[in-house]
Amino acid sequence: MDCNVFNPVDLPCGRTIENRLVKTAMYEHMANFSGGPPNEFHYGLYSEWAKHGWGMILTGNVQVSPQHLTLGRDIVVPPTLDAEDVKPFKKLAEVIHGAVDGTRSLAIMQLSHAGRQSANFIGGRLPFVPPLAPSSVRVGARHDENRGGGAISNLIFHALFQVPTEMTALDILHVQSSFVRGALLAYKSGFDGIQLHAAHGYLLAQFMSPKSNIRNDKYSVAPENATRMLSEIIEAIRKVVPTTFIIGIKINSADYVTSGNTEEISQESERRVLDHIRTIASWGVIDFIEISGGDYEKPDFMACSGSRKLDRQAFFAQFSRTVMKDLHRSPVPFSSVPLILLTGGLRSHSHLQAALMSRHADLLGIGRCAVLCPDLPKILRLQLRNNKSSSTWVDKPFTREPEAVFRASKWVPSVKLIGSGVGTAWYTTRMRDIAISQIKNPRAEPPADYNRGGLIAVFTMWAWFDSRIAPIWVLGILMVLVVTAGFSCQQ
């Protein structure tokens, strides 16, 4: 096939991905409130992806610290790894490995720690107990985009994100051991590997960013120290897992965009990010690097509308191509060069084809389109089989996107995270619909509910009630009030 989407590719550790299509990490919001193991809903959701032949499937972020959750319903690494603790994770790995048409998806567990981006009330701590972070720098404290949105909006933002407590040497060791325990959990559960989440402003990204790390010790952002936290975690993990165990990293590429404008490239910041990636590649133990971007201050990874979508797509592709060229010019042996996974903006077959043929990436990450179209690999195979001349479908988007989400997002831009979070809520409720449908009927193919508006999705996401999971109507009402307050401030 000319675009090689279904050609296998070998990872440096020796494992093979049977095709280039990767279902990237998406936050599911389906665990017990305050965190817990995967459950029946996760099994239902991932069984839908597993039966359609994705080359690799990544879980949503699995938190290594129960006191540093993101939105309250995170999967969490248990404190011990006894047989009963491992059992639900083993079931999830088995579900992902469900082979179809000879394609066995690789199962990758994404490990994360939210750091300073663990919100108050829903972050797993008692109210107003601050989270840990590299330095005592609050989210938004050094960024103007979250200011000026109105007194109520600013109050909400400051209530959600506290000034974090600077981590001590003992805190750092504890977090490192938590990541190692997470990797051991993945290995014992039968996962093929892990991905360390060092993007979107989470803890590992915080250690590498000067806007969140102002330390003066060996974990500072000085060139010789910036990746130390990450390297020590990976070194410790490699000591306890086989050499064939996959280790990937998700890296933030948006740090070298100034003022949120994708046309303004900071050469100094670009150099810093590329230096980090060169350093990571030089270790010779990383299998793939996912190119992503944005954080809670500039949540580009959650944006999904209009020209911003196109700008972001072009930005990620350009950066990814730069990384590909740089790595293949490096002194690292070719067999040890990590594969590049490009995520964002891949919404048609022509995008996939262009990304591979232009050497923007080795692997093609699909996130939200995988939620709208879980059977995308199967559809692409059929299209390629039935259309020898692809001119009639190559530029057609995979599927329709929910326009109602874009409109709702424009209503609530005062609190930047919430404006982007409306879209997140819509896709989260879509994933829940898939999970429930699969539980009831594994052969069902639930259509997306495009009539569900963004604000309804926010309420449905937070006010979810199931007999097996405690209701959280208070938080549902709270989120509606937050969105309403943001809207009122704009009027």
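What counts as what
Residues numbered from 1 in each chain as written. Predicted model: local features only at pLDDT ≥ 70, side-chain atom pairs only at ≥ 80, totals over all residues. Heavy atoms only, no water. Helix = DSSP H or I, 4+ residues; strand = E, 2+ residues; numbered from the N terminus. Core = buried A, V, L, I, M, F, W, Y, C linked by side-chain atoms within 4.5 Å. Buried < 20%, exposed > 50% of the residue type's maximum accessible area, 1.4 Å probe, protein only. Contact = heavy atoms within 4.5 Å. Arc of directions from axis to C-beta. pLDDT = per-residue confidence, 0-100. Salt bridge = Lys/Arg side-chain N within 4 Å of Asp/Glu carboxyl O. Pairing = 2+ DSSP bridges. Phe/Tyr/Trp six-rings, centres within 6.5 Å; stacked < 30°, edge-to-face > 60°.

Trainee: Kindly report on unusual backbone geometry, identifying the contributing residues and their values.
Mentor: A positive phi is found at Phe-128, a non-glycine position, where the angle reads about 70 degrees. Residue placement: Phe-128 occurs in the loop between β7 (106–112) and β8 (132–133). With phi around 55 degrees, Arg-359 is a residue other than glycine that occupies positive phi space. Note on placement: Arg-359 falls in the loop between α9 (349–357) and β14 (363–366).

Trainee: Tell me about the nonpolar core, and please be specific about residues and values.
Mentor: In globular proteins that are soluble, nonpolar side chains generally tend to be buried together. Counting residues in each nonpolar core, the largest one holds 106 residues, and the members touching the most others are Leu-111, Ile-194 and Leu-196. Contacts of Leu-111, omitting those with residues within four sequence positions, involve Val-62, Val-64, Val-77, Phe-179, Gly-182, Ala-183, Ile-194, Gln-195, Leu-196 and His-197. By size, the runner-up hydrophobic cluster in this structure holds 15 residues, among which are Ala-25, Phe-288, Leu-341 and Leu-363.

Trainee: Go over helix α11 (residues 376–386), please, and point to the residues and values.
Mentor: By the burial criterion, the buried members of α11 are Leu-376, Pro-377, Leu-380 and Leu-384. For α11, the arc enclosing every buried residue in end-on projection is 100 degrees, short of the 170-degree limit, so these residues lie on one face. Turned more than 90 degrees off the buried face of α11, the exposed positions are Arg-385 and Asn-386.

Trainee: Could you give an account of the environment of Ser-348, with specific residues and numbers?
Mentor: Considering the arrangement of structural elements, one finds Ser-348 in the loop between β13 (339–343) and α9. Sequence separation between Ser-348 and Phe-398 is 50 residues, and the spatial gap between their C-alpha atoms is 5.3 Å.

Trainee: Provide a residue-level description of the confidence of the model for the protein, including the pertinent values.
Mentor: Predicted confidence across the protein gives a mean pLDDT of 82, with 77% of residues reaching 70 or more. Low pLDDT, under 50, characterises residues 258–265; the stretch is placed with 14 contacts to residues that sit more than four places away or in other chains.

Trainee: Outline the pattern of salt bridges, listing residues and values.
Mentor: Here the structure, examined in full by the defined rule, presents 11 salt bridges. Between Asp-192 and Arg-15 there is a salt bridge, with the nearest N and O atoms lying 2.8 Å from each other. Taken as a pair, Asp-192 in the loop between α4 (169–189) and β10 (193–198) and Arg-15 in the loop between β1 (9–10) and β2 (16–17) lie far apart in primary sequence, 177 residues in all. Between Arg-347 and Glu-401 there is a salt bridge; the shortest N-O distance is 3.2 Å. Of this pair, Arg-347 sits in the loop between β13 and α9 while Glu-401 sits in the loop between α11 and α12 (403–411), and the two are 54 residues apart along the sequence. Here Arg-347 matches Glu-401 in class, with each residue buried. One continuous salt-bridge network, built from bridges that share partners, spans Arg-271, Asp-275, Arg-278 and Asp-326.

Trainee: Please set out the pairing of strand β12 (residues 288–292) residue by residue, giving values where relevant.
Mentor: Taking burial as the measure, the five residues of β12 include five buried ones, the bulk of the element. The alternating pattern of β12 places Phe-288, Glu-290 and Ser-292 and Ile-289 and Ile-291 on opposite faces, both of which are buried. Both strand β11 (residues 246–252) and β12 contribute to a ladder of five bridges, which runs parallel. The residue of β12 that forms the bridge with Ile-249 is Ile-289. Bridge analysis of β12 against β13 gives four bridges, and the strand direction is parallel. Along β13, the bridge assignment pairs Phe-288 with Leu-339.

Trainee: Account for the pairing of β11, with residues named and values stated.
Mentor: Here β11 lies mainly inside the structure; seven of its seven residues are buried. The alternating pattern of β11 places Ile-246, Gly-248, Lys-250 and Asn-252 on one face and Ile-247, Ile-249 and Ile-251 on the opposite face, and all of these are buried. Strand direction decides the pairing type here: β10 and β11, joined by six bridges, are parallel. Note on β11: the bridge partner recorded for Gln-195 is Gly-248.

Trainee: Which residues make up the packing of aromatic side chains, and what are the values?
Mentor: This structure, assessed with the given rule, holds six aromatic pairs. Measuring from ring centre to ring centre gives 5.5 Å for Phe-121 and Phe-128, while their planes differ by 80 degrees; the resulting arrangement is edge-to-face. Judged by relative accessible area, Phe-121 falls into the partly exposed class, the value being 39%. Ring geometry for Trp-426 against Tyr-427: centres 5.2 Å apart, planes inclined by 75 degrees, an arrangement best described as edge-to-face. With respect to burial, Trp-426 and Tyr-427 carry one shared label: buried. Here a set of aromatic residues connected by ring pairs shows up, and it is made of Trp-426, Tyr-427 and Tyr-450.

Trainee: An account of the side chain of Gln-195 is requested, with residue identities and associated values reported.
Mentor: Its place among the elements puts Gln-195 in strand β10. Judged by its relative accessible area of 0%, Gln-195 is buried. Each residue touching Gln-195, except ones within four places of it in the same chain, is listed here: Leu-58, Ile-108, Met-109, Gln-110, Leu-111, Gly-248, Ile-249, Lys-250, Phe-288 and Glu-290.

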